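# Summary of structural features
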Amino acid sequence: MAGLTVPERRAEIVRLRAEHTGTGVRFQGASPDDVVRGVEAVVPRFLRSSLSQLRFYVIDPGGTRTRVTLERGHHLRARPSCDVLIERGMSFGGLTPSEHRIASLVAAGNTNAQTALQCACTPRTVEKHLSNILGKLGLPSRAALASLVAARSGWVHPVCLDGGAGSFLEELAVLGPETAPADGDGLGLAAAESQERVFRIGALIEGVVPRKHDVRAMMMGQDYAVERLSGSATVPATCRVQLTRALTSPERREDDLRALLATGIDALIIGNTSTRGLSSLFDLVTEDGLPTVHSMVNESLARYVDFRSRRSSVFQMCSDESVYVRAFTEFIDEHMNVASLRRGGGVALVVRHDDLGLSTRDSLVQSLRERHGIDPLVITYDDGAEEWATVALELHQAGAQVVYLGIYIEQALVSLLRHFRTLGYDPLKYCVWAPGIPGFIDRNAELAEGLVWTTLVGNSNNYLGRQFEAGFRERYAEEPGIGSAAVHYDMVNLLVEAWRANGFSGDAEGLNRRVSELVFHGVTGTYHFDQGRRKTLCYPYDTDDPTIGQPFLSFRIRRGRHVLLAG
């Protein structure tokens, strides 16, 4: 999974405080067994650096990986200290421990020969490992690997903390022999005077393999936003935005959300996730009053984004599924021979067998019958089910001329398209969301050609959108895609704008009020939560005013490009 940090099993989490006593490091709130080997050596150097946070990995002789996060503490008249978060049993992008060490060394600027020397192997072995690493992470080069490891804090201690070619933390490496920072009033007062206001944003993202390209885009959009905000006019020098991310699974997400809430975050982003049991997550954040943003369109979430539910603190960064229904029926009007559809196999709908899919099904069936006199074939599916050959055969036998594919996961959509090609079946394919995932056309060139697809939220190609795309491309040397990176970039910026409007206070009630009042201009258009719901408006379906809505985007893939039909 490209660039993802995913628990191999249930992570063991230890939280403690490290204090420099002048003669050594003392850990509070932990037994000696809780402290990871090597952390004692890093803490003094971290405290003497200008860094506010440091994250790295430790790999023990048995191959168990532990992620360590140090965060500077500012305590008046106290010894210099930092908070320490220890997470045992972690992985990084699906790499083995050996591959992770080599990735870290190569990303730090070491040659194959230098890496081989530190890993006690041959340069040829390093070269072979590096080829596997780039393949697993979906990266084209060593430079791209360096960018990803830096962006995801995937460094391994001690190989990249204790010098060597290209040591990744020069601020720590150049400090030389350790000397204890001075105690006393001067240090404490200086720390108090320079104390930052930190806005802590949590991000809960389902890091499952079928969504890997979409997940990576979400994370990169978030990281790019935080990076751009640092030192910007929006965030003054005395303030800082901190992003804490938890990659989860459907089975663990409620526990992982509770762990995120326990870290004291001020706001939350929830990435696209499985619809089953989703309401329990929103119950948790509503109970906590935490400002929460997401871009899912599940009907079961409607009550959380209704202002009549005064306790809700959930904001939906897009309109709802009904827009897809209206857009599809308009597409039939404008681009198809309705009389031919009535006579022939007509229209087929492929939708998920859950509350979102069934609601869409009912709305589409009613609209097609009332507006066009068409009685469509309806096929429902379950996420993760291996049934696409059967679905393709049923559609082929029915002779459907137009197929609405309400499939949001690339892997599932591509599987169905492959079965279409095997059968020699080529209807007009009307898709949602998935073709906008970064690299979709490159990975599926022949299958993608001719697809019509739509999205409620995506890069609207406005001025901000073009700036974002150019900056993202320069930063990561790859394309951001149409949807996920852009909307998650906007999510971070919208929350930070609400924080700024709230006087840089993390007060939940104030933040919720500021978010609800904002008219925020972003990459995907304008976010405006109208008085009646906590959902944004879609132009032209929810509002005829483009200055307060996000444009509905329709594309057709032609000659390897997304050609805009409407938006």
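This report concerns the structure included in the present document. Being a predicted model, the structure only gives us computed values, none of them experimental. Every residue gets a number counted from 1 within its own chain, in the order that chain's sequence is written. The model is predicted, so local features are restricted to residues of pLDDT at least 70 and side-chain atom pairs to those at 80 or more, both for listing and for counting; the totals for chains, interfaces and linings are taken over all residues. The basis for the side-chain values is all heavy atoms of the structure; hydrogens and waters are excluded.

### Thoughts on the overall build of the protein chain
Stated precisely, the cut-off is as follows: The helix count covers DSSP runs of H or I at least four residues long, the strand count covers runs of E at least two residues long, and both are numbered beginning at the N terminus. Note on classification: 1.4 Å probe, protein chains only; a residue is buried when its accessible area is under 20% of the maximum for its type, exposed when over 50%, partly exposed between these limits. Any two residues whose heavy atoms approach within 4.5 Å are treated as being in contact.
When its secondary structure is counted, the protein chain shows 20 helices and 22 strands. Every one of the 567 residues in the protein chain was classed for burial, and the buried ones make up 55%. Across the protein chain, the fraction of contacts at a sequence separation of at least 24, relative to all contacts at a separation of at least 6, is 69%.

### Quick word on the sheet that holds strand 9 (residues 267-270)
Counted only if it meets this: Note: two strands are recorded as paired if DSSP finds a minimum of 2 bridges between them. Here an angle of 0 to 180 degrees is reported between the N-to-C directions of two axes, which are lines fitted to C-alpha atoms, with helices fitted over the stretch in contact.
Taking strand neighbours across the sheet as the criterion, the 5 strands line up as 8-7-9-10-11 in an open arrangement whose pairing is parallel. Edge strands, defined here as strands with exactly one partner in the open sheet, are strand 8 (239-248) and strand 11 (314-316). Going from strand to strand, the sheet's axes swing by 20° on average, the running direction of each strand aside. Bridge count between strand 9 and strand 10 (residues 292-294): 2 bridges; the pairing is parallel. The residue of strand 10 that forms the bridge with I269 is V293. Taken strand by strand, helix 8 (residues 212-229) contacts strand 7 (197-206), strand 8 and strand 9, and its axis lies near 170° from that of strand 8. Running at roughly 175° to strand 7, helix 9 (residues 253-262) makes contact with strand 7, strand 8 and strand 9 of the sheet.

### As for the environment of V350
Position of V350 among the secondary structure elements: in strand 12 (residues 347-352). Residues V350 and V403 lie 53 residues apart in sequence; the distance between their C-alpha atoms is 7.3 Å. With sequence-adjacent residues up to four places away left out, V350 is seen in contact with I379, Y381, W388, V391, L395, V403, Y404, L405, G406 and I407.

### A closer look at the sheet that holds strand 15 (residues 428-432)
Where strands meet in a sheet, backbone hydrogen bonds hold them as pairs that are either parallel or antiparallel. Spatially, 7 strands are ordered 13-12-14-15-16-21-22 in an open sheet, and the strand pairing comes out mixed. The open sheet has two edge strands with one neighbour each: strand 13 (377-381) and strand 22 (561-566). Looking at each pair of strands side by side, their axes are set apart by 20° on average, direction ignored. Of the pairings in the sheet, the one linking strand 16 (residues 452-455) to strand 21 (residues 553-558) comprises 4 bridges and is antiparallel in character. Bridging across to strand 21, W453 finds its partner in F555. The strands touched by helix 11 (residues 322-335) within the sheet are strand 12, strand 14 (402-405), strand 15 and strand 16, with strand 15 carrying the most contacts at an inclination of about 160°.

### Examining unusual backbone geometry
Note that the residue after Y539, namely P540, is joined by a cis bond; omega there is 10°. Of note, P540 is situated in the loop between strand 19 (538-539) and strand 20 (550-551). The backbone phi angle of N461 is positive, close to 60°, even though this residue is not glycine. On the basis of relative accessibility, which here comes to 48%, the residue N461 falls in the partly exposed class. Phi at A477 is positive, roughly 60°, even though this residue is not glycine. When you line up the elements, A477 lands in the loop between helix 18 (463-476) and helix 19 (484-501). We classify A477 as exposed; its relative accessible area is 64%.

### Comments concerning helix 14 (residues 388-398)
As a reminder, the rule being used: It is the directions from the helix axis to the C-beta atoms that the arc portrays.
By the burial criterion, the buried members of helix 14 are W388, V391, A392 and L395. The buried residues of helix 14 occupy an angular sector of 95° when the element is viewed end-on, so they sit on one face. Pointing more than 90 degrees away from the buried face of helix 14 are the exposed residues T390 and Q397. Structurally, helix 14 contributes buried residues whose contacts are with strand 12, strand 13, strand 14 and helix 15 (410-423). Positive phi appears at G399, one or two residues downstream of helix 14, with a value of about 70°.

### Let's talk about the pairing of strand 21
Inspection of the sheet shows strand 21 paired to strand 22 by 5 bridges, in the antiparallel sense. What sits directly across from I557, in strand 22, is H562.

### Side note on helix 8
Cut-off, in case you're wondering: The span you would expect from a helix comes to 1.5 Å times its residue count less one.
In this model helix 8 runs 26 Å from its N-terminal to its C-terminal C-alpha over 18 residues, within 8% of the 26 Å that 1.5 Å per residue would give. Among the 18 residues of helix 8, 14 are classified as buried, and the element is accordingly described as predominantly covered. Backbone geometry just after helix 8 places G231 at a positive phi near 80°.

### Some thoughts on the packing of helix 19 against helix 20 (residues 508-517)
What counts is decided by this rule: Each crossing is labelled by how the near helix is turned from the far one, with a counterclockwise turn of less than a right angle marking it left-handed and a clockwise turn marking it right-handed.
At a minimum axis separation of 9 Å, helix 19 and helix 20 run at an interaxial angle of 115°. For the crossing formed where helix 19 meets helix 20, the hand is right-handed. Within the contact between the two elements, helix 19 uses L494, L495, A498, W499 and A501 and helix 20 uses L511, R514 and V515.

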